[in-house]
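A look at the structure
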Amino acid sequence: MREGVDLSLLRTCLAVYRAGSLTKAARILGISQPAVTGHLRALESKLDQPLFLRLPSGTVPTDAAHELVRDISAPLDSLEGALSRRLQPERLEDCTVRLAGPAEIITARVLPAISDLVADGLRLKVSLGLTDDLLQELTDGVHDMVIATRRPRATAVHATAFMDEEFALVGDAGWARRLPQDEIAARGAAVLDQVPIIAYAESLPIIRRYWRTIFDTWPGPTAQVTVPDLRAVLTAVKHGAGISVLPTYLCAEEIERGELVVLHDVEVPPLNTLFLAVRAGVLPSTGLTTLRSHLLTKAGLWR
């Protein structure tokens, strides 16, 4: 009878495949890099096939590794989940979750939504930054969960749709008087060519999406003001510096109070889906599972 394969070897292979390097896989698994190397050598010897090419930039899976991972990833992930559900759960107050995401969504939505979990004892270490950087740090084991502004492409990351951002073209009451809605509806972006634009970045990512979706054209060449924080953009627009495109969750109260005006009502506003991203194949803590479930429930109420 042929001897079986130690599941820890398969788990290490899957971690290396998803992480793309021995060092990252060792960090995720909580073992040393020599142990990871030993596991791979043992599995390759068992299968009599090379699984990874070792390069200075990391590991490259062979065809044999692709085939093996295709067969083992779902069963191993299911096994990890089954064990997690049956192990004695941790107390929430024993948990620390390392959460990361854009400053605006963390400030305006996430922290208010999970304040009850914090009051019940959950500890959080929150980091703020840009999605690409945070997703890389997630695969490196720096964070437990990232709120991402795009769907992650890495095989080492599992993502769940979290909430949709809806965007609106806004200005203060003064700009609303100078830019009548019927004129914008009739002439489109041409009405806005000489209006100061307040933007998040010089590449105008949010404004460019709005212009392309609603006006079917590109925005003007530059912004009057660029500031890498949408809360600062909101403040500048609210005080009459110019106009901008903002997520409605961030400016809803200012619109309700009349401090901001939606300059162009559209039937279908531009949307962007945010995702909750975690490392694939990693046994989640009670704190992480609770936080994820809580946020998805809250997001359902925001719709």
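Residues numbered from 1 in each chain as written. Predicted model: local features only at pLDDT ≥ 70, side-chain atom pairs only at ≥ 80, totals over all residues. Heavy atoms only, no water.

**Observations concerning the overall build of the chain**
Scanning the chain from terminus to terminus reveals 13 helices and eleven strands. Structurally, the chain occupies a C-alpha span of about 85 × 45 × 30 Å along its principal axes. By the burial criterion, 43% of the 303 residues in the chain qualify as buried. Restricting the contact set of the chain to residue pairs at least 6 apart, pairs at least 24 apart contribute 73%. Seen as two clouds, the 32 positive and the 36 negative side-chain charges of the chain have centres 5 Å apart. (Helix = DSSP H or I, 4+ residues; strand = E, 2+ residues; numbered from the N terminus. Buried < 20%, exposed > 50% of the residue type's maximum accessible area, 1.4 Å probe, protein only. Contact = heavy atoms within 4.5 Å. Lys, Arg positive; Asp, Glu negative; His and termini not counted. Charge placed at Lys NZ, Arg CZ, Asp CG, Glu CD.)

**What to know about the pairing of strand β3 (residues 96-101)**
Sheet topology note: the β3/strand β4 (residues 123-128) ladder contains six bridges and is parallel. For R98, the partnering residue across the bridge sits in β4 and is K125. In terms of strand pairing, β3 meets strand β5 (residues 145-148) through two bridges, oriented parallel. Paired with L99 across the two strands is M145, which belongs to β5. (Pairing = 2+ DSSP bridges.)

**Quick look at the side chain of H143**
One can find H143 in the loop between α7 (131-139) and β5. Within polar-contact distance, the side chain of H143 engages the side chain of E137 at 2.7 Å. Setting aside its immediate chain neighbours within four residues, H143 contacts R98, A100, S127, L134, E137, L138 and R279. (Polar contact = N/O pair within 3.5 Å; in protein donor to acceptor, adjacent residues only side chain to side chain.)

**Considerations on the nonpolar core**
Counting residues in hydrophobic clusters, the biggest one holds 53 residues, and the most contacted among them are L179, W211 and I243. Here the element with the most residues in this core is strand β6 (residues 157-171); it accounts for six residues. Once you skip the residues sitting within four places of it in the chain, I243 turns out to touch L169, V170, G171, W175, L179, L192, V195, P196, I197, I198, V237 and L263. (Core = buried A, V, L, I, M, F, W, Y, C linked by side-chain atoms within 4.5 Å.)

**A word on the pairing of β5**
Burial along β5 is two-sided: M145 and I147 facing one way and V146 and A148 facing the other are all buried. Both β5 and strand β11 (residues 271-279) contribute to a ladder of three bridges, which runs antiparallel. If you follow A148 over to β11, its bridge partner there is F275.

**Considering the pattern of salt bridges**
A full pass over the atoms with the stated rule returns eleven salt bridges. Residue D140 pairs with K24 through a salt bridge whose shortest N-O separation is 3.4 Å. Here D140, found in the loop between α7 and β5, pairs with K24, found in helix α2 (residues 22-29); they are 116 residues apart in sequence, far enough to count as distant. Here R150 makes a salt bridge to D132, at a shortest N to O gap of 2.7 Å. Of this pair, R150 sits in the loop between β5 and β6 while D132 is found in helix α7, placing the two residues 18 residues apart along the sequence. The class for R150 is partly exposed, based on a relative accessible area of 27%. (Salt bridge = Lys/Arg side-chain N within 4 Å of Asp/Glu carboxyl O.)

**Section: the environment of T226**
Looking at where T226 falls in the secondary structure, it is placed in strand β8 (residues 225-226). Since its relative accessible area comes to 37%, T226 is described here as partly exposed. For the pair T226 and S203, spaced 23 residues apart in the sequence, the C-alpha separation amounts to 9.5 Å. Beyond its immediate chain neighbours, meaning those up to four positions away, T226 contacts A199, A201 and E202.

**Some words on a nonpolar patch on the surface**
A surface patch of nonpolar side chains, amounting to about 260 Å² of accessible area, comprises L7, L79 and L83. Its location among the elements puts L83 in helix α4 (residues 63-86). (Patch = residues over 30% accessible without salt bridge, like charges linked within 9 Å, V, L, I, M, F, W, Y side chains within 5 Å. Areas by Shrake-Rupley, 256 points an atom, 1.4 Å probe, with all protein chains shown as cover.)

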